[in-house]
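Residue-level listing of the chains:
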Amino acid sequence: MNLIVWLLRIVVFVILAIFASKNSQPIMLQYYLDQSIELPLSVALLIFFALGILVTLLFARCSYRSNK
């Protein structure tokens with residue numbers, strides 16, 4: 001079972017590495033006060049994916065505490 005989990009992790013990592021290499025073109029993110037930053041698309045997607053996970057975990061934790 002442990003071997004299957006590690007093989008699945010390796011497959012996901014390889015797929016993500018290929019995705020990142022194919023999406024390395026720079027994008028411009030613009031935010032408040034006419035500030036902007038240039039990042040590779042794969043980095044921007046990774047940042048927003050991680051923020052989504054953090055927000056989900058935060059709300060799940062708050063929901064768990066309110067149900068106790």
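Above this text you will find the structure in question.
If you're wondering where the values come from, they're calculated on a predicted model, not measured in any experiment. (Residues numbered from 1 in each chain as written. Predicted model: local features only at pLDDT ≥ 70, side-chain atom pairs only at ≥ 80, totals over all residues. Heavy atoms only, no water.)

### Concerning the overall build of the protein
What counts is decided by this rule: Each helix is a run of H or I in the DSSP string that is no shorter than four residues. Each strand is a run of E no shorter than two, and both are numbered from the N terminus. Radius of gyration: C-alpha atoms only; globule rule: 2.2 Å multiplied by the number of residues to the exponent 0.38. Residue burial is assigned from relative accessible area. The probe radius is 1.4 Å, only protein chains are included, and a residue is buried under 20% of its type maximum, exposed over 50%, and partly exposed in between. Using the Shrake-Rupley algorithm and a 1.4 Å probe, accessible areas are obtained, with residue cover drawn only from the displayed protein chains.
Within the protein one finds 2 helices and 2 strands. For the protein, the α and β elements follow one another from N to C terminus as α-β-β-α. Relative to the compact-globule value of 11 Å for 68 residues, the protein shows a C-alpha radius of gyration of 17 Å, a clear excess of over 25%. Across the 68 residues of the protein, 6% fall into the buried class. Accessible surface for the protein amounts to roughly 6,400 Å². Of this, 73% is attributable to carbon and sulfur atoms.

### Focus on the environment of isoleucine 47
Among the secondary structure elements, isoleucine 47 is positioned in helix α2 (residues 41-67). Judged by its relative accessible area of 39%, isoleucine 47 falls in the partly exposed class. Each C-alpha atom, one on isoleucine 47 and one on valine 12, is 18 Å from the other, the two residues being 35 residues apart in sequence.

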